[in-house]
Amino acid sequence: MTDTLIPNGCKTNGPVESGYFKKGCNPFAQTGRSKLQNKRALLNQKIIKQMRMRAGAENLLKATSNNKVREQVVLELSYVNSDLQLLMEELEGLNSSVEVYQDTSSIPLIPLGLKETKDVDFSVALKDFILEHYSEDGSNFQDEIDDLMDLRQACRTPSRNPSGIDLLANYFSQLGFLETRFFSPTRQIGIFFTWYDSFTGVPVCQQNISLEKASILFNMAALYSQIGTRANRQTQAGLEDAITAFQKSAGVLHYLKETFTHTPSYDMSPAMLSMLIRLMLAQAQECLFEQITLPGIRNEFFSLLRIAQEAAKVGETYSEVHQSMIQTPIKNNVPFFWTTMSELKTNHYNSLAHYFVSTALLDHQLTPSDDEDKQEKALSQVYDAMPEGRSPLDILKDKAERRRIGKAHLQRSIMGHEEAIRTHSRCRHLQKLDILSDILQAGLKRSITKFEQNDKEDEFTDYMLAPDIISKTEKKAEMEIPAATKVKVKDLFQRLGPLSVFSAKQRWSAPRTIRLRLQDRDLGFTLKGDAPVQIQSLDPLCPAAAKGLKEGDYLVAVGDTECKWLGVSDVMKLLKDVDEEGVDIRVVSMLDSRFSLPSDCATYGGLPKTYSMICLAHDEDDKKSHKVAKKPSFLSWGLKNKQKSGSTLSLPSADYNGPWNRPCPTYRNSYNESALY
């Protein structure tokens, strides 16, 4: 496989520079899986076309009263519905093509197919938002936008290995940054995300970035399931990889279910996700059983009972999966192949459990050298209720009773395998899996042979029904939420500034350029906070205040140097050499979202305006502030102290038209978060 992504306009047959492609992506790998995914994409397009035609015909049927037109529309509608049904069946066939994803030497497992999506052009919308909200030239961020679009395009064809998982995880983490930077809860920016349902092919289109995040998580879980089915289950290492992959797939699906609770796509609905989680855990449990039996099964009493309960555990988990699959409305969307496969495996593993119990009873008689108490305890733990009320020790000591109960278990094993074979014959997709048919036939033949070896012609036929076997496992499959869901990545748009301050929820004034000049070797304000620094303790009579500098402004540039990521000490170094001619600084003010913006204002968004009133007494935080220049003169401090001494509620003097005349707005304690969908 090639782990590359060819950007637009690049010739695939030309030389490739190092680092030019995205790792973890294989768009040109002509594998069976990629061909299957391409067919899925084409089917989705055909399904959309038929659904649009059906919607148009239904609207025409409602609008017209002409009988001839109505008859013609009804006829066309029947053709459209027929075509749509055929396309759905073809899509179901793709979801049933499990042989493409795995080695055919083991009993088949069920992988999830990747969700398909349409291309998204971030360029225009993000450039407009950067200009409008952050007051910066969006074209300066073209490289970052291109990287984002390349990353998303690569996620459409991830490699079926850990590199593919890392690729999806990186994009998912970038979406978190993207949501905070550009997706305001008060306004849509015009980016539409379209994803197709993995089971029905029905498209879902929304401007909410949560659809994008949820779909990426679904594909991450699907990729884990494909990695699990691809593993070589004939080796311990391969089985360990498969178990880990299926448990991580279940963990991602659980994280998706708990995080995105109102998904519009049915394949990500809570009911469907619950079923898929059970399916992934059942397959992990099946791999755990294969891991136990891979070295071979010892023909020993305790070992056989242990393996029987392990097989019963696998059968129990698949029974739960099958029960969830046949519930409405899941049964209308899950492929018939999946339903029959879960039913088949339920019968198969329950039959194996009965076979192993019968072997333990028929092949191993209690001898004086055996530990009676240990065998009695082991047999009592196999049944919920002992056969015909007999005690375990009585059964162990009675050879005829052991043979009778053992044959009853063989009868249930035979019936279970026969039912599994009938289930196999009902589904045309299952019939294509020769390995599955061979395994079922071998299991049936083994049980029949065992029954014939212990059947006597002169023995009275006993129709005793063997009791159910209690499921038990030494290692239960558990969900494992992978660290990939919380991977740390570098914010592509970090040049916009710290995310905690420069986000879509907050509203900003346009940057203002102010000329700073010394007055009595003092700039007239102090700085506080981490990057970006804020103006505080502003002297209202200093030249900077007269030119528009405000308390609480964020300093974003000194001269030609960007300061969004600089702390107080770094900004002080830039300002310490200010001469009499002064230096230009750029500042922005945070605006209050409660007040409406002028029609020509370029900013909007989320948090209330903040002020730092210099009439309030200095608190402990002021001790941590850093002064830019030397201590102000006695006269200026006298003015400040005089102003501080008055009540903050008193009216300002009429002859002063400064910042004291501005009303101090009230603060909100909470803000509305963006809805998921």
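Rules used throughout
- Residues numbered from 1 in each chain as written.
- Predicted model: local features only at pLDDT ≥ 70, side-chain atom pairs only at ≥ 80, totals over all residues.
- Heavy atoms only, no water.
- Helix = DSSP H or I, 4+ residues; strand = E, 2+ residues; numbered from the N terminus.
- Buried < 20%, exposed > 50% of the residue type's maximum accessible area, 1.4 Å probe, protein only.
- Contact = heavy atoms within 4.5 Å.
- Areas by Shrake-Rupley, 256 points an atom, 1.4 Å probe, with all protein chains shown as cover.
- Axes fitted to C-alpha atoms, helices over the stretch in contact; angles between N-to-C directions.
- Parallel < 35°, antiparallel > 145°, perpendicular 65-115°, else oblique.
- Left-handed = near helix turned anticlockwise from the far one by under 90°.
- Nonpolar A, V, L, I, M, F, W, Y, C, P; charged D, E, K, R; others polar.
- Pairing = 2+ DSSP bridges.
- Salt bridge = Lys/Arg side-chain N within 4 Å of Asp/Glu carboxyl O.
- Phe/Tyr/Trp six-rings, centres within 6.5 Å; stacked < 30°, edge-to-face > 60°.
- Lys NZ or Arg CZ within 6 Å of the ring centre and 35° of its normal.
- Expected span 1.5 Å × (residues − 1).
- pLDDT = per-residue confidence, 0-100.
- Arc of directions from axis to C-beta.
- Core = buried A, V, L, I, M, F, W, Y, C linked by side-chain atoms within 4.5 Å.

Colleague: I would appreciate a short explanation of the overall build of the protein in the present structure.
Modeller: For the protein, the count of helices and strands is 19 helices and 11 strands. Taking all 677 residues of the protein together, the buried fraction comes to 49%. Relative to all contacts within the protein whose residues are 6 or more apart in sequence, the contacts with residues 24 or more apart total 76%. For the protein, the exposed area adds up to about 33000 Å²; of that, 51% sits on carbon and sulfur atoms.

Colleague: Help me understand the packing of helix α13 (residues 399-426) against helix α15 (residues 434-453), please; the structure alone is not making it clear to me.
Modeller: When two helices pack together, their arrangement is given by the angle between the helix axes and by the axis-to-axis distance. For the pair α13 and α15, interaxial distance at closest approach is 9 Å and the crossing angle is 155°. With respect to each other, α13 and α15 are oriented roughly antiparallel. For the crossing formed where α13 meets α15, the hand is left-handed. Contact residues: α13 offers K407, L410, Q411, S413, I414, H417, E418, A420, I421 and H424, while α15 offers L436, S437, L440, Q441, G443, L444, S447, I448, K450 and F451. Classifying every residue of the contact of α13 with α15 gives 9 nonpolar, 8 polar and 3 charged.

Colleague: Can you walk me through the pairing of strand β2 (residues 203-206) in this structure?
Modeller: Along any regular strand, the residues point their side chains to alternate faces of the sheet. Of the two faces of β2, the one lined by V204 and Q206 is fully buried and the one lined by P203 and C205 carries no buried residue. With 4 bridges joining them, strand β1 (residues 193-196) and β2 adopt antiparallel strand pairing. Opposite F193, over in β2, you have Q206 as the bridge partner. Adjacent in sequence and paired antiparallel, β1 and β2 are bridged by 6 residues, among which G201 carries a positive phi angle near 75°.

Colleague: Would you take a moment to explain unusual backbone geometry for this structure?
Modeller: Trans is the common state for peptide bonds, and a negative phi is the common state for residues other than glycine. A cis amide bond, omega 0°, links T328 with the succeeding residue P329. Locating P329 in the fold gives a position in the loop between α9 (301-325) and α10 (336-363). In this model, A531 is joined to P532 through a cis peptide bond whose omega is -10°. Within the secondary structure, P532 is located in the loop between β5 (526-528) and β6 (534-536).

Colleague: Can you walk me through the pattern of salt bridges in this structure?
Modeller: Any two side chains of opposite charge can pair if their charged atoms end up close together. Applying the stated criterion across every chain, the model contains 23 salt bridges. Taking the shortest distance from any N to any O, the salt bridge between R515 and D584 comes out at 3.2 Å. Remark: D584 occurs in strand β9 (residues 583-588) and R515 occurs in strand β4 (residues 512-516); sequence separation between them is 69 residues. Between E562 and R586 there is a salt bridge whose closest N-O contact spans 2.9 Å. In this pair, E562 sits in strand β8 (residues 561-562) while R586 sits in strand β9, placing the two residues 24 residues apart along the sequence. On the basis of relative accessible area, E562 is assigned to the partly exposed category, the value being 45%. Connected via shared salt-bridge partners are R390, D398, E401 and R404.

Colleague: When you look at the packing of aromatic side chains in this model, what are you seeing that I'm missing?
Modeller: Each aromatic ring pair is characterised by the separation of its centres together with the angle its planes make. Throughout the structure, instances matching the rule amount to 14 aromatic pairs. When the ring of Y318 is compared with that of Y349, the centres are 6.5 Å apart and the planes differ by 5°; the resulting orientation is stacked. Pair noted here: Y318 is in helix α9 and Y349 is in helix α10, with a separation of 31 residues, a long-range link. For Y318, a relative accessible area of 2% corresponds to the buried category. In this structure an aromatic cluster arises from ring pairing among F129, Y134, F141, F182 and F493. When the ring centre of F302 is taken as reference, the NZ or CZ atom of K374 above it lies at 4.8 Å. The lysine or arginine in question, R446, covers the ring of Y355, its NZ or CZ lying 5.1 Å from the ring centre.

Colleague: Explain helix α4 (residues 142-154) here, please?
Modeller: Over its 13 residues, α4 runs 18 Å from end to end, which matches the ideal 18 Å to within 8%, given 1.5 Å per residue. Here α4 has its buried residues at E144, I145, L148, L151, R152 and A154. Packing partners of the buried residues in α4 comprise α3 (123-133), α5 (162-182), β1 and α6 (209-230).

Colleague: Is there a simple way to explain the environment of Q188 in this structure?
Modeller: Among the structural elements, Q188 can be located in the loop between α5 and β1. Once the C-alpha coordinates of Q188 and A125 are considered, the two residues, 63 residues apart in sequence, prove to be 10.0 Å apart.

Colleague: Can you help me understand the side chain of N219 in this one?
Modeller: Along the chain, N219 falls in helix α6. Its relative accessible area of 3% is what places N219 among the buried residues. Not counting chain neighbours up to four residues away, the residues in contact with N219 comprise L114, K115, L168 and W195.

Colleague: Is there a simple way to think about the confidence of the model for the protein in this case?
Modeller: Fine structural detail should not be taken from predicted coordinates in areas where pLDDT scores are low. Here the protein shows a mean pLDDT of 78. Residues at 70 or above account for 78%. Within the model, pLDDT remains below 50 along residues 1-21, and this stretch shows 36 contacts once partners closer than five positions in the same chain are excluded.

Colleague: Before we go on, may I ask you to explain helix α17 (residues 568-575) in this structure?
Modeller: Counting along an α-helix, one turn takes 3.6 residues, and residues three or four places apart therefore face a common direction. Residues of α17 that are buried: V568, V571 and L575. Seen from one end, α17 has its buried residues packed into an arc of 65°, which puts them on one side.

Colleague: Quick question: what am I supposed to make of the nonpolar core here?
Modeller: Nonpolar side chains tend toward joint burial in soluble globular proteins. Grouped together as the largest cluster of nonpolar side chains are 131 residues, with contacts concentrated most on F122, L126, L178, F182, L276 and W338. Counting residues per element, this core draws most heavily on α10, at 13 residues. L276 has contacts with L112, F199, F218, L253, D267 and W338, leaving out every residue within four places of it along the chain. In this structure, L516, L549, V571 and I585 belong to the second largest nonpolar core, which totals 22 residues.

Colleague: I tried to follow the environment of V568 on my own but got confused; where do I start?
Modeller: Structurally, V568 is set in helix α17. V568 gets classed as buried once you look at its relative accessible area, which sits at 8%. As for V568 and K528, which are separated by 40 residues in sequence, their C-alpha atoms are 6.5 Å apart.

Colleague: Honestly, the packing of α3 against α4 in this entry has me stumped. Any pointers?
Modeller: Between α3 and α4, whose axes approach to 10 Å, the crossing angle comes to 140°. As judged from the angle between their axes, α3 and α4 are oblique. Like other packed secondary-structure pairs, α3 and α4 cross with a definite hand, here right-handed. Judged by residue contacts, S123, L126 and K127 of α3 engage Q142, I145, L148 and M149 from α4. Residues belonging to the contact of α3 with α4 are distributed by class as follows: 4 nonpolar, 2 polar and 1 charged.

Colleague: Which parts of the structure should I look at to understand the pairing of β9?
Modeller: In this structure, β4 lies alongside β9, joined through 5 bridges in antiparallel fashion. Residue pairing across strands places T513 opposite R586, the latter belonging to β9. Two elements, strand β7 (residues 554-558) and β9, share 4 bridges in a ladder whose sense is antiparallel. By the bridge assignment for β9, A557 is matched with R586.

Colleague: So what exactly am I meant to see when it comes to the environment of L555 here?
Modeller: Structurally, L555 can be placed in strand β7. Overall, the relative accessible area of 0% leaves L555 in the buried class. For the pair L555 and V587, spaced 32 residues apart in sequence, the C-alpha separation works out to 4.5 Å. Residues contacting L555, with those up to four places away along its chain left out, are L527, P532, V533, I535, C563, V571, I585, R586 and V587.

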